[in-house]
Amino acid sequence: MIRALAGLLLAAAANAQSDSVPALLTQRCGSCHDAKNRAGGLVLSGRQALLEGGNRGPAIVPGDPASSLLLNALRRTGDLKMPPGAPLPAAELSRIESWVAAGAPWADSAPLPTKPVPWSFRKLTRPPLPEVRQAPWVRSPIDRFILQRLERAGIQPAPEAEPVTLARRLALDLTGLPPTPDQLSAFLNDRSPQAYERLADSLLASPHFGERWGRHWLDQARYADSDGGSRDEPRHIWRYRQWVIGALNRDLPFDQFIIEQIAGDLLPNPTTDQLIATGFHRNSPLQIEAGTDREQYRAEAVADRVDTTGTVFLGLSLGCARCHDHKYDPITQKEYYQLYAFFNNLDEYGPALPPFSETNDLDITHAPLQPLGPRDVNDKWTALRAQLLALHKERFAYRGGELSGRAKNAGDEVRTATITALRKQLPPVELVMVMREMETPRETFIQLGGDYLRHGQKVAAGLPAALVPAPSQGPLNRLHLARWLANPDNPLVSRVAVNRIWQQYFGRGLVDTENDFGAQGAKPSHPELLDWLATEFQARGWSQKTLHKTIVMSAAYRQSSAARPDIEERDPANELLARQTRLRLEAEIVRDSALAASGLLHRAVGGRSVYPPQPAGVMETGQVKQTWNTSTGADRYRRGLYTFHYRNTPNPAMKVFDAANGLAPCTRRPRTTTPLQALTLLNDPNFHEMAVALARNIVEAPAAERIHRAYRLTVARHPSAREAARIGELLQAERDAFLTRPAEAEQLAGKGASADLAAWAAVARVLLNTDEFITRE
């Protein structure tokens, strides 16, 4: 009887203590571990929250104080010492220990709070077409949504642009090239109602369509021809660029476009093209400098793939959840590392391989590589490569491993000679970087604070709970991830995709923050139009060309871009789309337009990257000086898309016109206006050569027609009388000057150049430097 009474008294005492412990924890720890801050992934909202714990695992083990992470942190016995600053008083710590030993009773066992779901996470449904009063203006369902907003605001849409402007706009938007004289003449002479549609269809069918829109995709894929990092070595990746161009030209459905890039290697019996497509996630920058931690930079590459997947396909800043739960969007740090697990199994450069400083073999650091020759050549190359890797590993171990400092001896020389002899047996074959899974998957852990050395809870591959449910069949791999992204029920992917395409035609997306569809991003200006485009995209078999045609056939797209003083104050940003937008051409298209006008453009599609002229000294600016062997012949005049892009030493003419740097996904390029751009168009060796060629092209016409020919070649229209007079005055002044200084004429236009040719070269430099030439109206 006495023993039972004593037990009841002890239990009552424990309960009395435990009643105040939740309040104590909230007082001492709640400012960091509340539903908003979720430090370390832990929320002190109830007993269930403590059992689920945070990024290190369960916070408590009821009845077992010795194994509880919470108590170990409060005792300061491990690397985690809580709370920050002074430790808890001994009496408070003792109360919490007794509370855990008693089973951690907590009356408030509410479910964990969740963040509000952003608008973009809602289910995608097809909205009805709105009724409008000015129905004759409507050329496409798109126009009904635009006109509805304009009518509500009492604003009239702009008139249709002039035919020449429409032809130039359409050609630049769909192919990145100005219309050819034949295209322009055929369109202007075709008086039928179908003339515009015929031009659009011919441009969509052009192989240059894939080049134009491939450039936009390559920006998002952070494409570059080199590694980045300190050494910035060249890499085998141009065949991925060629795959993108081909996929867009043949209108590969966008869902398949996603799947092949994320997991083409995991498809049943993948084709060579599907393997090449996985180059999307081999575009990560790579650091191979001697003495660097290979595991650190491997982890950075994996994180880059997670962040890129979030930015490109979901329009979310997943990288914000790398160190802690996302502050605004419903993505936890645990979910970030579950996504990380999908990409953590790539058989790539890391601590399991000898460093580049030991092998001096880029094919080892860039592996896995896919040979693209005949089967027998591929098999021989693969077998020899396996032998070489084994020999490099053996020599590395013989030398004593990392930073051994061991002097070379006879044994080392024999091994080196064997490697050298075997390398000479490798057959020449084209290579491309691809994805390939490891046979034994790596373990993945939450990285505490985003530090790859500090492991928290072990996690398996998984998908964010706030979006589409994960496939029920496992185990999950990259193919599951790819199919989850391409699932029509995924509310983000098609919205993000159509918004990015719309952005290229109107200068801004229907969602202005095209890289952030989360809680902190902008709301759509036309939400029903966005959802109509997204559902239409899916309904038309994810056809990108169909989506492009739907947009360019609309009356909204065909509007004049002339400024409208009547709406400047009411709609200064043109959010309502009461007119088109004037857009400065992208870096590559500035080059391409000048090449086309000059007659120098080499129109071949695909192939290796090329090395057009660039100012001396550019390659001196990198830590390791890479070579730039200026291309000759037709390669000298290829489209800007094919210019070899070193991440650390980019082509100056590309950089000054805001080309993407290839270090991270670029979903929208800035459009700056700087004096350097004008100086580049005047003095860059490429543009100087193009101006001289344009002059030679102009003087082929009869003298009376030359000014008109110059305008047709550069801006696709005839000059006004005032423009023709001013150009005539400039031409005469330059001709008079060169007649008295023939040496300067040769300096400008080449040996033996006449004063007339040099004068036209000077005029050509002016025309290539006009705002109209580098602008899409």
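Residues numbered from 1 in each chain as written. Predicted model: local features only at pLDDT ≥ 70, side-chain atom pairs only at ≥ 80, totals over all residues. Heavy atoms only, no water.

Asks: Honestly, the environment of A562 in this entry has me stumped. Any pointers?
Replies: The residue A562 is located in the loop between α23 (555-558) and β5 (583-584) in this model. A C-alpha to C-alpha distance of 41 Å links A562 and A277, two positions 285 residues apart in sequence. (Helix = DSSP H or I, 4+ residues; strand = E, 2+ residues; numbered from the N terminus.)

Asks: What should I look at first to understand empty space enclosed by the protein in this one?
Replies: Scanning the entire structure with this criterion turns up eight cavities of 30 Å³ or more. Of the volumes computed, that of the largest cavity is approximately 390 Å³. The wall of the largest cavity is formed by 32 residues, among which H216, W217, Q220, R500 and Q504 lie closest to the centre. For the lining of the largest cavity, the secondary structure elements donating two or more residues are α9 (208-220), α11 (254-263), α13 (294-314), α20 (493-506), α22 (544-552) and α24 (587-598). Here the residues of the lining of the largest cavity sort into 15 nonpolar, eight polar and nine charged. Estimated volume of the second largest cavity: approximately 100 Å³. Considering the residues around the second largest cavity, the lining is formed by 14 residues, among which R282, L286, A301, R305 and E348 are closest to the centre. Counting residues per element, the lining of the second largest cavity draws most heavily on α13, at four residues. (1 Å grid on protein atoms, 1.4 Å probe; cavity = no way out; pocket = protein on both sides within 12 Å on 5 of 7 lines; lining within 4 Å. Points joined across faces, edges and corners; volume = space filled by probe spheres on them. Nonpolar A, V, L, I, M, F, W, Y, C, P; charged D, E, K, R; others polar.)

Asks: Can you walk me through the packing of aromatic side chains in this structure?
Replies: We describe a pair of aromatic rings using the distance from one ring centre to the other and the angle between the two ring planes. If you walk through the whole model with that rule in mind, you get 22 aromatic pairs. Plain terms: the ring middles of Y505 and Y557 are 5.5 Å apart, the flat faces sit at 90° to each other, and that makes the pair edge-to-face. Taken together, the residues span a long stretch of sequence, with Y505 in helix α20 and Y557 in helix α23 at a distance of 52 residues. This pair shows no difference in class: Y505 is buried, exactly as Y557 is. When the centroid spacing of 5.2 Å and the interplanar angle of 15° are considered together, the rings of Y611 and F644 count as stacked. Taken together, the residues Y611 in the loop between α24 and α25 (652-656) and F644 in the loop between α24 and α25 connect sequence positions 33 residues apart. Exposure remark for Y611: the relative accessible area of 22% places this residue in the partly exposed category. (Phe/Tyr/Trp six-rings, centres within 6.5 Å; stacked < 30°, edge-to-face > 60°. Buried < 20%, exposed > 50% of the residue type's maximum accessible area, 1.4 Å probe, protein only.)

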